[in-house]
Amino acid sequence: MQTSIPARVTATAAIGLAVLWSHASCAGLGEPVGSIATDETALHATALAVTPAQSYDVHDLTMSGGASIREYATRAGMVFAVTWSGRGMPDLSVLLGGYYADYLRAANRHASRKIVSIATAGLVLHIVKLPRGFLGAAYVPALIPAGTSPQDIR
Amino acid sequence: MSLAAWRAVSVIGRASVGFAMLLVAACGGGSGSTGAVTLVSIAAAPKSISLNVGATQVLSVTGTYSNGAMASVTTGLGFSSSATGVATVDASGVVAGVAPGTAQIDVTDGMGGFSAAPVTVAVLASSAANSLPVVVDQGPAVLVASGQTATNTLFASATICTPGSASACQTIDHLQIDTGSTGIQILSAVLTGAATTTPASVNGAPLRECVQFADGYTWGSVVIADVQLGGRTIASLPIHLIGDAAAGTAPSSCSTGAGPAENTVAAFGANGLIGVGNFLQDCGAYCATPPAPSAAYYACPSSGCLPTTLAVTQQVQNPVAMLAADNNGIVIGLPSVGAPGAASVSGTLYFGVGTQADNAPSSAAFLTVDPATGTLITNFGGAALTGSVIDSGSNAYFFNDSSIAVCAINSSFFCPVDGSGAPTNLALTATLQGINGVTAAAPFTIGNANSLFGAGANLTAFPTLGGPNGSVGGSITGFDWGLPFFFSRSVYILFEAHTAAATAGPAIGFD
């Protein structure tokens, strides 16, 4: 399925260099952290905190309805993982960036109204609709910084 | 079968179990009066009756007199049934159900020669008025025609009526029974006009709703209808009408980044959905309290749609909780299904938990669920999976186990193989745990989905179907106990704010 991912990663990585040390986060998965004002607006979210970890930064945001979003960005400013939980769904076309197309392909299979799962070399994604609320997480294996385990994504 | 594998749906050929109709016309005009007060007409009540086989109901007769007074008439009456094989009536007006079908009861006043408008009696095929037949099958005709087949999807029919009318009704088949959500949703396309629903409004503007799922969203008006489920009727029930022309295009705050629209039968996978989960409303306090959530309820004046808060009483309601009785929960009873699967499976959904002999919990353990999310805990593979659900609206056991091979051609399902690479069955077990600490073991078997789907083109019910509930790194995951869990047992859904079996809901029990 998602065989075109390496190419996209390369492309976004190149763009990433241009905005390298840009400050606060909240770009889509596989994209460079961009203008927080722009992205907060797109996600109807407010940035709460940026927490540095060993080899990446964790950006916590809260959506207007109370849902929380967490973005994991490399020191080079690339978002390699996103997680979210709460009552409302975030705008996945913003949060997943170019990987939204992969989500759409999986969603259109309609295997389940409640679960969408992708587990490929290019993208790992999981969305669950609870009786009330959503849980979601996604990461790009190729972008995880050295020394970081997928288990660190929470 | 096409692995488009829709979430299930099923149907029930419930003939015209509908709503018995009949207006009691206030019969023939006055037969003159001479000053003395005389009887001018009689009327029988109720005007229509839904009965189970073996059940009885007494008719009452009211006379209208020449001075306008009305009074009960108890003597001199004659009762007769048009179909004594369906329903009988005795000299006292006691109607008894004999066999499924429809009969007409005529009532006459032997002295005055008056006749009441006839009473229509519908004798139900189901065993009790608090029950609804359910079925697992290939789904609605439109879905099948689109080349898809429902898989492990539980369906029922409901009859939608114009508010206040017992005759302007339409029975809709293949509404998915979903214990993982709340409220009735119906595709506008299948409501062909017999019933005229009433648009709901908020602050004087049309009320519309966006419902998001993991794999897409629906959009449409909130409307009021009378709804018959099994032998019971709910008057003035708010329901979500999906994809109606009046609602137009979904606002971008509903549709943008929310996945595919599911506003057609083919995309939705059913003619609609009956959500009978633990909650009383589809949204609850979250939608009643500012700020108005995006992608939920909308007020839509001509200037455009904006998210709105909405009082819980105006929200789309759990239909069973709105019944006059047997309204504290449901029981779903399905038979065991042999391997590899069955073409169809029939069962029964009972209204109420512990309110009747037919919905009394036996040895079931009751596990409370998180009152905010509806989830409980599954202990499996050494982990406590806190985001777990018992969900008839999921078509497989969905859980995370990296040791089980995922199917190469459909990564939604598991395809376990043995050491030689041959398809095999895995016998597994997990322990469910309520928020109240109550635990119950749940053994289950996972088969090879390729083999199951290849076992017969007509199969729609698969008791061993499983699939990955993909874990992403260290993020929270759950165990989704989908429809296979419901086979060969009774599952009790106890609603929030109700108590049964010494347990305060929201809770789930099973045996």
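Basis of the calculations
Residues numbered from 1 in each chain as written. Chains lettered and ligands numbered in written order. Predicted model: local features only at pLDDT ≥ 70, side-chain atom pairs only at ≥ 80, totals over all residues. Heavy atoms only, no water. 1 Å grid on protein atoms, 1.4 Å probe; cavity = no way out; pocket = protein on both sides within 12 Å on 5 of 7 lines; lining within 4 Å. Points joined across faces, edges and corners; volume = space filled by probe spheres on them. Helix = DSSP H or I, 4+ residues; strand = E, 2+ residues; numbered from the N terminus. Nonpolar A, V, L, I, M, F, W, Y, C, P; charged D, E, K, R; others polar. Pairing = 2+ DSSP bridges. Axes fitted to C-alpha atoms, helices over the stretch in contact; angles between N-to-C directions. Contact = heavy atoms within 4.5 Å. Phe/Tyr/Trp six-rings, centres within 6.5 Å; stacked < 30°, edge-to-face > 60°. Buried < 20%, exposed > 50% of the residue type's maximum accessible area, 1.4 Å probe, protein only. Lys NZ or Arg CZ within 6 Å of the ring centre and 35° of its normal. Polar contact = N/O pair within 3.5 Å; in protein donor to acceptor, adjacent residues only side chain to side chain. Arc of directions from axis to C-beta. Disulfide = S-S within 2.5 Å. Buried area = accessible area lost by both parts, 1.4 Å probe.

(A) Region of interest: empty space enclosed by the protein. Counted according to the given criterion, the structure contains five cavities of 30 Å³ or more. Empty space within the largest cavity amounts to approximately 370 Å³. Around the largest cavity, the lining comprises 27 residues; the ones closest to its centre are A:Lys129, B:Cys210, B:Val211, B:Gln212 and B:Asp282. Taken together, the elements giving at least two residues each to the lining of the largest cavity come down to β16 (182-187), β19 (205-213) and α4 (285-288) of chain B. Sort the elements by how many residues they give to the lining of the largest cavity and β19(B) lands first, with five residues. The residue makeup of the lining of the largest cavity, split by class, is 13 nonpolar, nine polar and five charged. Approximately 120 Å³ is the volume attributed to the second largest cavity. Taken together, 14 residues line the second largest cavity, and the ones lying closest to its centre are A:Ala111, A:Ile115, A:Val116, A:Ser117 and B:Ser412. Breaking the lining of the second largest cavity down by element, the ones donating at least two residues are α4 (100-107) and β5 (115-119) of chain A. Looking at which element gives the most residues to the lining of the second largest cavity, the answer is β5(A), with three residues.

(B) Spatial organisation of the sheet that holds strand β2 (residues 56-63) of chain A. All names here are of chain A. The strand order β1-β2-β3-β4-β7-β6-β5 describes an open sheet built from seven strands, whose pairing is antiparallel. The sheet is open, and its two edges are formed by β1 (45-52) and β5, each paired on a single side. Going from strand to strand, the sheet's axes swing by 10° on average, the running direction of each strand aside. Pairing geometry for strand β4 (residues 79-86) and strand β7 (residues 134-139), over six bridges, is antiparallel. What sits directly across from Val82, in β7, is Ala138. In the packing of α4 onto the sheet, contacts are made with β5 and β6 (124-129), and the angle to β5 comes to roughly 120°.

(C) Just the packing of aromatic side chains, in detail. For the coordinates displayed, the defined rule picks out 24 aromatic pairs over all chains. Aromatic side chains B:Trp219 and B:Tyr298 sit 5.2 Å apart centroid to centroid with 85° between the ring planes, which places their arrangement in the edge-to-face category. Of this pair, B:Trp219 sits in strand β20 (residues 216-229) while B:Tyr298 sits in strand β23 (residues 297-299), and the two are 79 residues apart along the sequence. Here B:Trp219 and B:Tyr298 have matching classes, each one buried. Against the face of B:Phe213 rests A:Arg113, its NZ or CZ located 5.2 Å from the ring centre. Its guanidinium or amino end placed over the ring of B:Phe485, B:Arg489 lies 4.0 Å from that ring's centre, counting from NZ or CZ.

(D) Local environment of the environment of B:Gln317. Residues and elements named next belong to chain B. Relative to the helices and strands, Gln317 resides in the loop between β24 (306-307) and β25 (329-334). Beyond its immediate sequence surroundings of up to four residues, Gln317 is in contact with Thr182, Gly183, Ile184, Leu237, Pro238, Leu280, Gln281, Val312 and Met322. Of the polar contacts made by the side chain of Gln317, one reaches the backbone oxygen of Val312; its length is 2.6 Å. Of the polar contacts made by the side chain of Gln317, one reaches the backbone oxygen of Thr313; its length is 3.4 Å.

(E) Region of interest: the pairing of strand β22 (residues 272-276) of chain B. All names here are of chain B. Where burial is concerned, most of β22 is hidden: five out of the five residues are buried. Of the two faces of β22, the one carrying Gly272, Ile274 and Val276 and the one carrying Leu273 and Gly275 are both buried. Judged from the four bridges that link them, strand β15 (residues 169-178) and β22 form a sheet pairing that is parallel. Bridging from a neighbouring strand, Ile177 pairs with Ile274 of β22. Inspection of the sheet shows β16 paired to β22 by five bridges, in the antiparallel sense. Among the inter-strand pairings, Ile184 is bridged to a residue of β22, identified as Ile274.

(F) Representation of α4(A) in the model. A:Tyr100, A:Asp102, A:Tyr103, A:Ala106 and A:Ala107 are the residues of α4(A) that are buried. Seen end-on, α4(A) carries its buried residues on one side only, within an arc spanning 155°.

(G) Just the state of the cysteines, in detail. Residues and elements named next belong to chain B. Counted under the stated rule, the structure contains five disulfides over all chains. Here Cys210 engages in a disulfide with Cys254; their sulfurs sit 2.1 Å apart. When the S-S torsion is 80°, as for the bridge of Cys210 with Cys254, the disulfide is right-handed. Remark: Cys254 occurs in helix α2 (residues 252-255) and Cys210 occurs in strand β19; sequence separation between them is 44 residues. Side by side, Cys210 and Cys254 carry an identical accessibility label, which is buried. Going through chain B in sequence order and numbering each bonded cysteine, the pairs you get are 1-2, 3-4, 5-6, 7-8, 9-10.

(H) Quick look at the interface of chain A and chain B. At the interface, 42 residues of chain A touch 53 residues of chain B. Looking at the side of chain A facing chain B, the largest losses of area belong to A:His110, A:Arg113 and A:Arg132, adding up to 26% of the total buried there. Counting only elements with at least two residues in the side of chain A that touches chain B, the list comes to α3 (92-95), α4, β5, β6 and β7 of chain A.

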